[in-house]
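Tertiary structure, described
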Amino acid sequence: MSAAVTEDLLIVGAGGFARETAQAVRDVAAADAARGRAPRWRLAGHLDDDPALHGREVDGVPVPGGCELVHELPAARVVVCVGSPRDYAVRARLVRRLGLPADRYATVVHPTAAVSGSSVVGPGSVLLAHCVLTAGVRVGSHVAVMPQVVLTHEDEVCDFATLASGVRLGGGVRVGRGAYVGAGALVREYASIGAWSLTGMGSTVLGDVPAGEVWAGSPARLLRPAGATALAELARDARGSGGAPCGRAGDAPVPAGAPAHGTEDGTGPNGRRPQTRMESPVV
């Protein structure tokens, strides 16, 4: 058995995504045990602002109280697991509200995910079962990657983005900050999915999706502007108060299941130059 220290982990949220993340943490612990290692994390609880959940359990995990309890448990690592197509900006608002340093956030990677050694994943991000990151992929901070998502060479997924189950990105795709890509969507190589946009489930994206718009269909077409909360985040970013367009945090790439960090910009045929190697991201 290794001498690694098991850390407490708090999952902010108690809905579907939070429950899936809790199961991923259990699966990581089982994989650690199978390898004769101490478990990486101990599930300390879900934190949720719904008072009806306080003092109860969700799938056997206690809900001791609201989200602000993260400040009363400073030794615990944290992952924020909230959001839906109805309000996919809520994760960014909650992370901002909590105001925690990057090193408080865990990175959860399911043991069945395949993360190449040339790819990096930022703090607070979650990769669920059977995801694939092939080569030179950069995933920012607080990104939700649902089961069976495939990210191919030199894809970049910026902070707070959500990739729903079964999304497939061609090489060199850039998914902007906070964008939501619906289940089963296919995105052509070197396309750009704009910040705080929403791409509908099952869509086929053959070109760029502008920031702050909802696109859907095959091929995908403009439906309407994004919702008010997403547009508010886009306006906040435009004022320069939302941080860098893509997260830049951490050190070198790490194996699947361990904390990893960082994203950087690239270019390709639509004005973006494909990266040919991975450089160490900078703070």
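Described in the following lines is the structure provided in the data block. (Residues numbered from 1 in each chain as written. Predicted model: local features only at pLDDT ≥ 70, side-chain atom pairs only at ≥ 80, totals over all residues. Heavy atoms only, no water.)

1. Some thoughts on the overall build of the protein chain
Scanning the protein chain from terminus to terminus reveals 3 helices and 24 strands. By residue count, 53% of the 283 residues in the protein chain fall in the buried class. For the protein chain, the share of sequence-separated contacts (at least 6 apart) that also reach a separation of at least 24 residues comes to 39%. By element, 57% of the accessible surface of the protein chain is carried by carbon and sulfur atoms, the whole surface being about 11600 Å². (Helix = DSSP H or I, 4+ residues; strand = E, 2+ residues; numbered from the N terminus. Buried < 20%, exposed > 50% of the residue type's maximum accessible area, 1.4 Å probe, protein only. Contact = heavy atoms within 4.5 Å. Areas by Shrake-Rupley, 256 points an atom, 1.4 Å probe, with all protein chains shown as cover.)

2. Observations regarding the sheet that holds strand β16 (residues 168–169)
In space, the 6 strands of this open sheet follow the order β7-β10-β13-β16-β19-β22, with parallel pairing throughout. Taken across any chain shown, the strands that pair with only one partner, and hence form the sheet edges, are β7 (114–115) and β22 (204–205). Where strand β19 (residues 186–187) meets β22, 2 bridges bridge the pair, whose relative direction is parallel. Across the sheet, residue Val-187 finds its bridge partner in β22, namely Val-205. (Pairing = 2+ DSSP bridges.)

3. Brief notes about the sheet that holds strand β5 (residues 77–80)
Read from one edge of the open sheet, 3 strands run β2-β1-β5, paired in parallel fashion. In this open sheet, the two edge strands, each paired with only one partner strand, are β2 (41–47) and β5. For this sheet, the mean inter-axis angle between neighbouring strands, taken without regard to orientation, is 25 degrees. Of the pairings in the sheet, the one linking strand β1 (residues 7–12) to β5 comprises 4 bridges and is parallel in character. By the bridge assignment, Leu-9 is partnered in β5 with Arg-77. In this fold helix α1 (residues 16–34) packs onto β1, β2 and β5, with an angle of close to 170 degrees to the strand it touches most, β2. On top of the sheet, helix α2 (residues 90–98) reaches β1 and β5; it is set at about 150 degrees to β5, its chief contact. (Axes fitted to C-alpha atoms, helices over the stretch in contact; angles between N-to-C directions.)

4. Regarding α1
In a regular helix each residue adds 1.5 Å, so 19 residues correspond to 27 Å; α1 covers 27 Å between its end C-alpha atoms and thus fits that length. Those residues of α1 lying buried are Phe-17, Ala-18, Thr-21, Ala-22, Ala-24, Val-25, Val-28, Ala-31 and Asp-32. Downstream of α1 by one or two residues, Gly-36 has phi in the positive range, about 75 degrees. (Expected span 1.5 Å × (residues − 1).)

5. A short note on the pattern of salt bridges
One pass over the structure, following the stated rule, counts 12 salt bridges. Between Asp-59 and Arg-19 there is a salt bridge; the shortest N-O distance is 2.7 Å. In this pair, Asp-59 is assigned in the loop between β3 (57–58) and β4 (61–62) and Arg-19 in helix α1, connecting sequence segments 40 residues apart. What makes Asp-59 partly exposed here is its relative accessible area of 42%. Of the charged contacts in the structure, one is a salt bridge between Arg-40 and Asp-32, with a shortest N-O distance of 2.5 Å. (Salt bridge = Lys/Arg side-chain N within 4 Å of Asp/Glu carboxyl O.)

6. Observations concerning the packing of aromatic side chains
On inspection of all chains with the given rule, the structure shows 1 aromatic pair. On the basis of an interplanar angle of 50 degrees and a centroid distance of 5.8 Å, the ring pair of Tyr-88 and Tyr-180 is categorised as tilted. Note that Tyr-88 is positioned in the loop between β5 and α2 and Tyr-180 in strand β18 (residues 180–181), a separation of 92 residues in sequence. As far as the burial class goes, Tyr-88 and Tyr-180 line up, both buried. (Phe/Tyr/Trp six-rings, centres within 6.5 Å; stacked < 30°, edge-to-face > 60°.)

7. Thoughts on the nonpolar core
Proteins that are soluble and globular tend to have nonpolar side chains buried together. Core analysis: the largest hydrophobic core is formed by 30 residues, its most contacted members being Leu-151, Val-157 and Val-175. Formed by 27 residues, the second largest nonpolar core is a distinct cluster that contains Leu-47, Ala-89, Phe-160 and Ala-164. (Core = buried A, V, L, I, M, F, W, Y, C linked by side-chain atoms within 4.5 Å.)

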